[in-house]
Amino acid sequence: MWIPTEHEKYGVVIASFRGTVPYGLSLEIGDTVQILEKCDGWYRGFALKNPNIKGIFPSSYVHLKNACVKNKGQFEMVIPTEDSVITEMTSTLRDWGALWKQLYVRNEGDLFHRLWHIMNEVLDLRRQVLVGHLTHDRMRDVKRHITARLDWGNEQLGLDLVPRKEYAMVDPEDISITELYRLMEHRHRKKDAPAQASSHHLFVQLKSLMCSNLGEELEVVFSLFDSRENRPISERFFLRLNRNGLPKAPDKPERHCSLFVDLGSGELRRDIYITVHIIRIGRMGAGEKKNACSVQYRRPFGCAVLSIADLLTGETKDDLILKVYMCNTESEWHQIHENIIKKLNARYNLTGSNAGLAVSLQLLHGDLEQIRREYPSVFSHGVSITRKLGFSNIIMPGEMRNDLYITVERGEFEKGGKSVARNVEVTMFIVESGGQTLKDFISFGSGEPPASEYHSFVLYHNNSPRWAELLKLPIPVDKFRGAHVRFEFRHCSTKEKGEKKLFGFSFIPLMQEDGRTLPDGTHELIVHKCEENTNLQDPTRYLKLPFSKGLLLGTSNPATKTTKESFWITSFLCSTKLTQNGDMLDLLKWRTHPDKIPGCLSKLKEIDGSEIVKFLQDTLDTLFGILDENSQKYGSKVFDSLVHIINLLQDSKFHHFKPVMDTYIESHFAGALAYRDLIKVLKWYVDRITEAERQEHIQEVLKAQEYIFKYIVQSRRLFSLATGGQHEEEFRCCIRELLLSVRFFLSQESRGAGPLSQSQAVFLSSFPAVYSELLKLFDVREVANLVQDTLGSLPTLLHVDETLQAVKLQCIGQTVESQLYTNPDSRCILLPVVLHHLHMHLRQQKDLVACARILSNVFCLSKKNSSEKSVLEEIDVIVTSLLDILLRTILEITSRPQASGSATRLHFQDVTGEFVACLLSLLRQMTDRHYQQLLDSFSTKEELRDFLLQIFTVFRILIRPEMFPKDWTVMRLVANNVIITTVLYLSDALRKNFLNENFDYKIWDSYFYLAVIFINQLCLQLEMFTPSKKKKVLEKYGDMRVTMGCEIFSMWQNLGEHKLHFIPALIGPFLEVTLIPQPDLRNVMIPIFHDMMDWEQRRSGNFKQVEAKLIDKLDSLMSEGKGDETYRELFNSILLKKIERETWRESGVSLIATVTRLMERLLDYRDCMKVGEVDGKKIGCTVSLLNFYKTELNKEEMYIRYIHKLYDLHLKAQNFTEAAYTLLLYDELLEWSDRPLREFLSYPMQTEWQRKEHLHLAIIQNFDRGKCWESGIVLCRKIAEQYESYYDYRNLSKMRMMEASLYDKIMDQQRLEPEFFRVGFYGKKFPFFLRNKEFVCRGHDYERLEAFQQRMLTEFPHAIAMQHANQPDETIFQAEAQYLQIYAVTPIPESQEVLQREGVPDNIKSFYKVNHIWKFRYDRPFHKGPKDKENEFKSLWVERTSLFLVQSLPGISRWFEVDKREVVEMTPLENAIEVLENKNQQLKTLISQCQTRQMQNINPLTMCLNGVIDAAVNGGVSRYQEAFFVKEYILSHPEDGEKIARLRELMLEQAQILEFGLAVHEKFVPQDMRPLHKKLVDQFFMMKSSLGIQEFSAYIQASPVHFPNGSPRVCRNSAPASMSPDGSRVIPRRSPLSYPAVNRYSSSSLSSQASAEVSNITGQSESSDEVFNMQPSPSTSSLSSTHSASPNVTSSAPSSARASPLLSDKHKHSRENACLSPRERPCSAIYPTPVEPSQRLLFNHIGDGALPRSDPNLSAPEKAVNPTPSSWSLDSGKEARSLAGSGRLLSPPVPPRPALTASPARHTAPVSPSPAGRSPLKGPGQSFTPSPVEYHSSGLLSNSPVLSGSCSSGISSLSRCSASEISGFENPVNEPSAPAPGSGSGYGTPEEPLRKDSKTPPPYSVYERTVRRPVPLPHSLSIPVTPEPPALPPKPLAARPSALENGTRRTEPGPRPRPLPRKVSQL
């Protein structure tokens, strides 16, 4: 049975549990669980990370922990009872865990590893805390480390700053907001700017001395030297090195490393140096022989120097090498370091180039205890401490020191009868009065233990040696008296014995007879001569002698006067016990000399402060002893001395002695009667303040009043204890009188900063310290009243100088911080006076920092939950006094312009933050009663209105992101909680006072605006928080957005008819609120839109305003990342449900549908834009949105914005042609007018003409970069017209030159032809603009099917590639997935005019092959009926699918949607005709190229001939004979007679072409390929015989015709000699249709030239695969040669299309693989000849085989023109005849520009080449100039691929189609196709059935703009009819529309609708 748990409430999972049992709860190790029930070893509960899922789990899997339970029962909350630091650590580490992994994913390796180390460190510290064995101090230390690391990690990861007190997290509800702000600010400042340490320490470690000439032991002495003052500032660090230059005691680290302590910040400067002196221990001369002398001397060796400033740049300088300079001149040894510092080191030698002193130096900052904690390794191994000379900057009480520093300076000695100077060594001893030498009290430095004697180093042959060696004598105080220091002088012989002979001595006592120690300074000592055997053990013999020359000045001893020998030392005492000051001794011994008391008291002020504090207690006892002795006589002087000592302790150096004085007062002070004298003297001084002229001394007295009162109070307490409280009233009366005097002097006003105001300031600064003393004797209320009266007596603000104002506020601040104010009884007395002064200052905006601090302290004392009556009353007072002024202050300081300086900005922010915290504290502590009283206090509605506007404005300021640092989430949440509570109170006042007739728009608008920005705050978007943080916020505050949203809805409903005031202004803000992903908030807010629609409908009968505002705001908001698919659905469903019963339902549904569709597109757009690189999705989505804005919404500004976004995308992707077309959309909205346009996007303010000119130039530039030069030419002409009309010939010239350069580029530069791919996007997972649609995409340069497919799968990584080309079924359309169907398609040019025109260079044709393409196709072979195994061709049909796009490619995008698809089936016979036509055309092209030497390598022709002939010999074409020329087929298909004849004609034509090709081949074939040529000739004769063809000698004469450089103007109409003289033909044939072609070499052909070539155009094929491959295809070697470029029947159909059910399984499998595998294409490097791209001719099939090609009833595409560069020699005669019989030739697509004269010689564009008399058209031929609009209304301007921007021919990856591709262009033969009179061009009508009725011309067409303002062409410039073919190639495009433009526009089956009527752009 399950029973609720009592104690087992909380636990941690210690083993993962899968939860496989019924009702099992899955748990992972480390999860925390809350336990609800238990039963037989099982618990039931939930994991705290997911409290909604409850289940059971084994009790053994959980470790229980102690926890306390709140709200027992259904909603109980469990809180673990562990240390708060542990709790925080656990939750923080969990949060870090997830973020840590993301660092790895984002490749932030450095932070990843650092955080990993920190996490491990925190876990180790956590274990230490959990074990619980730490001492209290150690626990504090560990917690400090933990919190420091947690804060560091939070900062690095961008998490929130945690407020802490004593290392524990603070609950913001438990403290006041002002205190919370201070905690946050403290942590923030600590994080931003670490406090500068005032104390610094230098760590020195000697590694070694690197020098070549060692061999003797060394002494190394480090010290710090001040070069500015020329003196050492530290003791010495002394260490010994062995003969190898290494420390002598490596096992004792304290011997070779030291810490120079207590360096002040002022000593970290460039002129402080580390000096190193090195002394060698050995022979007198460095080069002496070893046996020369056995005695060792200390001798100078070298010196090194380093500036301490060099260490400030970095923390550590490992193994720094210091240069060591050797001293050449020993007499300068004492100043060698100074010379090196002064750069005078040229006189010294370096010890060696690689030599030096290897040291490690590190500068440490902070006090010594801190250093011990932070650098434990420094102290753990031992380190010697090297002190500063003398006391440190701060003298600590209790510090015991008694150090005498003696510097052995120099000596002056006589020769002593020697011929050379002496080698003097000084030996020093410390001798007691009894004659015993004191042991171990001479310290050479910190690294070495003290010694008993000192030996100086020896300077060679020097009678005036200078040593300058510093020694420290740490002699105890008790040994000082009677002790003296003795110096013995010896001459060191350099002879073999090396004797040291004593020749003199000096001495000096350490203490004088009067008790003073040796005074500091330099002492010149007398050198007493003596012999070696002189006995100095008995000091009494020489102590009576004089010791110093300074003492002998007044004596008359001739012996000592005449001595010339002297010895100088410098002494310096650093002692806390001994003094050198006689005045100090006299004062302390006042009882022995009472007459000296006045003098001693007077001299006290002159004594050094360090002497006074050393004897502080004794001095104070002396003063109060004198006072007790004779208060009348010495009272005033003792008072002054006491004031001097008290003020001395204010000095920072002696500040730490204040506790010593406090201790003295509490424990040692015994002056029970002193209070009377102290009060009397103090009152006397206060009374004299107003009269005295000089007030310096009085101010000193006032400054010391704290301690004076302490003495007064302690004295009174001692008196009371002694007397039982006598004279109490008298004492109180004295104090009151004293304070009355104070009040009087404070109330005095002085203009300006006079002495009086200075005295007032001094008094006020120290007065608050008196409160605590008064409280020891008086009641709290009594003291409070005294203080209130004193503070209340201050003068008014206006007449006081600023210094006094600041001090006054400081006094009030100290009052608030004092113990007196914390008591509620005194607080209620003091608060009014405090608030009074604050109010005065705030009103004048002065001293805001101080005011803010005082206010903060005021609120810190009153806790939020404090419901005591006193607190409520205080809040009443504060609200009444300060709320209004507080609001005004915040408004004032936030509206000030901030200064640029960071310090000013920080100061500004501090003040604002403090005031904000005060306001929030006040509002949080206000109850219902306070709010009610506040609202009732406003006498008029105007006052209330002003207050509400003011507070709403302040709240908006508080919500600003910059109000608090970004990681202060805790503070923001608290502030928001206060704001929402206050707003709920104030909204009632709004409803009651400002509705109906009192309605006030401004205040309601302010309210709604505040509510909206409140909800939109970043810190309230819980969805962005981690789960744990979100849970905490919801538990503490709930979702404040929903609360505010409900309040908005409620207030909106109250507005009634006043809602109209806020429509449409509030639509945008409310829409922003509804886009927040919070379901409850959306459900509350979305219905408001229905309300707005309803009220707008009532007002104006529609809701256009609502619609317009919604659409405008949606775009900007969704582009910022707001909104999602759920919102779209919710918006739609809620509003549709709301308007069901409305009368305006229909228009409402329309609006909702429009907005919903816009949302779909915007969401798609946003999702696409998240991807980093530009891809098709981004561009396609932008195009979809752009079109939606134009067609459905007609929002011109948004439309233009998205045009430019699309333009930028294209530029980024290097789609320059698409970029040009895109910019053209904006260009078309503008006119050539002078209308001014406003500044917009990146365009400046300019006229419409200027902007259009700028756009034209940008578009031309992009067309140029995209190699779409033909389109650029058109724009060049347009802008040239404008320049011409304005007579701007300079720019006109430039434009003409640009136009000419584009023509040159067309002819000179190569362009690549892109491939086109059909892509189907199926499934619901695709974006809306792609979903279940098919597109045709223009590929990049060199991009083949497999590369394109890979690119698409990369763009859509979740898509599945479909492996067939069949149309998908409904299940695929509705699937929750993404399916991609991709295959290549062939472009069908819209017009064949340029392509069919003879002599037009390939460079020109290549443009028209792949530009302005609306139609594409792909083929799929299949078998109908039974398949003939002997001959598959009998049943091989082709299914041809034609795709029609909504816009032509290229355009504003690389892909456009398929608008319509048509499917037709081609019979086997038609298929055969097309295959042969394609192969014949390929052969003719190759032969022509070879003829004209365009082909440097003959291999392509060889391979093509070989493939065709070889396959024909093996039965290829004969299969067609067997299939279609047999009797059975002809009888069963009587309708195919013409087609059979056509096939026969093509077969024979192929034989003719082959024969001519062999003749050409023979002429150019290289010698090594002659055998192959001979084989081809032999096989050709076999082929002819197999076809039953005899010799062609009667018909063919193999005579190649050349034309120079392929010029299109040569031999245009000449009849070539390649035809027989009669020019007749046995078989009537058609001239082929022109179609672009290119040489294509499949890799299969290159790999096998002998075997694979069999499957070609005339080859015999046994399998259906081969049959399939007979169709023109670039992907396989087919019936055509493996090197064929002929288009495949299945040109781009995927393999699955080929896998027809009629094909065998074997072949089905191979087909699928063949089609969907990459198509292998040759690299152009195989044939690198830079020839022009080859061409291909496609032969059309028409019913009547004998119909002349120029029959006017045929459609334009059927009229063939030879496209090869030469006049084709086999059929030129035929062509000539067909031209002559033609009614009229097709005009070129673009006429040339009209000549200035009508001279026939200048005719550049043929119109009707046949003579008028022979034209089938009746009447004279019309002269016309076709407009480019007529020819290219589909939008001619091309686009470029992404990479190279080519829009050209070249090595194309496209499958080429045959003439049957354009069979759709044909009219039935019996329909007249000639244009009706007036219809203009003869090529307009026949092709129109292609076009969809509803097809919209692209908005980016360059030519449509010309319709708007046609420019008539003068009749004199029109082009007359000419019977001759054109002499010049057609120009790419016409620039000016003809006069007959409107009349000649071709008629379409249904006119394409123009876009919506254009609104003239204002942009």
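Residues numbered from 1 in each chain as written. Predicted model: local features only at pLDDT ≥ 70, side-chain atom pairs only at ≥ 80, totals over all residues. Heavy atoms only, no water.

## Side note on the sheet that holds strand E29 (residues 521-526)
As summarised here, the arrangement of the four strands in space is E26-E23-E31-E29, forming an open sheet in which the pairing is antiparallel. With one partner strand each, in any of the chains shown, strand E26 (466-473) and E29 form the two edges of the open sheet. Between one strand axis and the next, the sheet turns by 25° as a mean value, whatever way the strands run. (Pairing = 2+ DSSP bridges. Helix = DSSP H or I, 4+ residues; strand = E, 2+ residues; numbered from the N terminus. Axes fitted to C-alpha atoms, helices over the stretch in contact; angles between N-to-C directions.)

## Examining unusual backbone geometry
Of all residues except glycine, most have a negative phi; of all peptide bonds, most are trans. Cis geometry is adopted by the peptide bond preceding Pro-1064, which originates at Ile-1063 and carries an omega value of 5°. Position of Pro-1064 relative to the elements: it lies in the loop between helix H35 (1040-1055) and helix H36 (1067-1074). A cis amide bond links Leu-1449 with the next residue in sequence, Pro-1450, at an omega value of -5°. Assignment of secondary structure puts Pro-1450 in the loop between strand E39 (1436-1449) and strand E40 (1455-1466). A positive phi angle, close to 55°, is found at Asn-1194, a residue other than glycine. Turning to its location among the elements, Asn-1194 is positioned in the loop between helix H42 (1176-1193) and helix H43 (1196-1212). We classify Asn-1194 as partly exposed; its relative accessible area is 45%. In the Ramachandran plot, Leu-1241 falls in the positive-phi region, its phi being about 50° despite a non-glycine side chain. (Buried < 20%, exposed > 50% of the residue type's maximum accessible area, 1.4 Å probe, protein only.)

## Concerning the pattern of salt bridges
A full pass over the atoms with the stated rule returns 98 salt bridges. The residue Lys-165 makes a salt bridge to Glu-179 at a minimum N-O spacing of 2.3 Å. Residue Lys-165 is located in strand E9 (residues 164-165), and its partner Glu-179 is located in helix H4 (residues 177-192); the two are separated by 14 residues in the primary sequence. Exposure remark for Lys-165: the relative accessible area of 39% places this residue in the partly exposed category. We note a salt bridge from Glu-216 to Arg-283, for which the minimum N-O separation is 3.6 Å. Here Arg-283 lies in the loop between strand E16 (272-282) and strand E17 (297-307) and Glu-216 lies in the loop between strand E11 (199-210) and strand E12 (217-226), a separation of 67 residues in the sequence. Three or more residues are tied together by salt bridges with common partners; here these are Glu-219, Arg-236, Arg-240, Arg-298, Glu-448 and Glu-469. (Salt bridge = Lys/Arg side-chain N within 4 Å of Asp/Glu carboxyl O.)

## Points about the packing of H43 against helix H44 (residues 1216-1228)
Taken N-terminus to C-terminus, the directions of H43 and H44 make an angle of 165°; their axes are 8 Å apart at the nearest point. Of the possible angle classes, the one that applies to H43 and H44 is roughly antiparallel. Judged by the twist between their axes, the crossing of H43 over H44 is left-handed. From H43, Tyr-1199, Ile-1200, Ile-1203, His-1204, Leu-1206, Tyr-1207, His-1210 and Leu-1211 reach across to H44, where they touch Phe-1216, Glu-1218, Ala-1219, Thr-1222, Leu-1223, Leu-1225 and Tyr-1226. Tallied by class, residues from the contact of H43 with H44 come to eleven nonpolar, three polar and one charged. (Parallel < 35°, antiparallel > 145°, perpendicular 65-115°, else oblique. Left-handed = near helix turned anticlockwise from the far one by under 90°. Contact = heavy atoms within 4.5 Å. Nonpolar A, V, L, I, M, F, W, Y, C, P; charged D, E, K, R; others polar.)

## With respect to the side chain of Glu-874
Tracing the backbone through its elements, the reader meets Glu-874 in helix H28 (residues 869-895). Taking the relative accessible area as the measure of exposure, Glu-874 reaches 7% and is therefore buried. Glu-874 has contacts with Arg-827, Leu-831 and Ser-862, leaving out every residue within four places of it along the chain.

## What to know about the nonpolar core
One finds Tyr-711, Phe-915, Trp-1004, Phe-1008 and Phe-1070 to be the most contacted residues of the largest nonpolar core, which totals 310 residues. Setting aside chain neighbours within four positions, we find Phe-1070 in contact with Phe-1008, Val-1012, Ile-1048, Trp-1052, Met-1085, Ile-1088, Phe-1089 and Met-1092. By size, the runner-up hydrophobic cluster in this structure holds 57 residues, among which are Tyr-325, Cys-327, Leu-502 and Phe-503. (Core = buried A, V, L, I, M, F, W, Y, C linked by side-chain atoms within 4.5 Å.)

## Description of the environment of Phe-1317
Structurally, the position occupied by Phe-1317 is in strand E34 (residues 1316-1322). Relative accessible area serves as the criterion here: at 0%, Phe-1317 is assigned to the buried category. Spatially, the C-alpha atoms of Phe-1317 and Thr-1386 are 8.3 Å apart, while their sequence positions differ by 69 residues. If we skip the residues at most four places from it in the chain, Phe-1317 touches Phe-1335, Val-1336, Cys-1337, Gly-1339, Glu-1343, Arg-1344, Leu-1345, Phe-1348, Tyr-1383, Ala-1384 and Val-1385.

## Some points on the confidence of the model for the chain
Across the chain, pLDDT averages 76, with 76% of residues at or above 70. Under a pLDDT of 50 for its full length, residues 554-562 has, in the predicted model, four contacts with residues more than four places off or in other chains. Overall, residues 1591-1962 carries pLDDT values under 50, and its contacts beyond four positions in sequence, including any with other chains, amount to 1060 contacts. (pLDDT = per-residue confidence, 0-100.)

## What to know about the packing of aromatic side chains
For the coordinates displayed, the defined rule picks out 70 aromatic pairs. The interplanar angle of 65° and the centroid separation of 4.7 Å between the aromatic rings of Phe-624 and Phe-669 together place this pair among those described as edge-to-face. Taken together, the residues Phe-624 in helix H14 (residues 616-629) and Phe-669 in the loop between helix H16 (658-668) and helix H17 (674-687) connect sequence positions 45 residues apart. There is no split in this pair, since Phe-624 and Phe-669 are both buried. (Phe/Tyr/Trp six-rings, centres within 6.5 Å; stacked < 30°, edge-to-face > 60°.)

## Overview of the environment of Leu-984
Among the secondary structure elements, Leu-984 is positioned in helix H32 (residues 969-993). What makes Leu-984 partly exposed here is its relative accessible area of 34%. For Leu-984 and Met-1044, which are 60 residues apart along the polypeptide, the C-alpha to C-alpha distance reads 8.6 Å. Beyond its immediate stretch of four places on either side in the chain, Leu-984 contacts Thr-1043 and Glu-1047.

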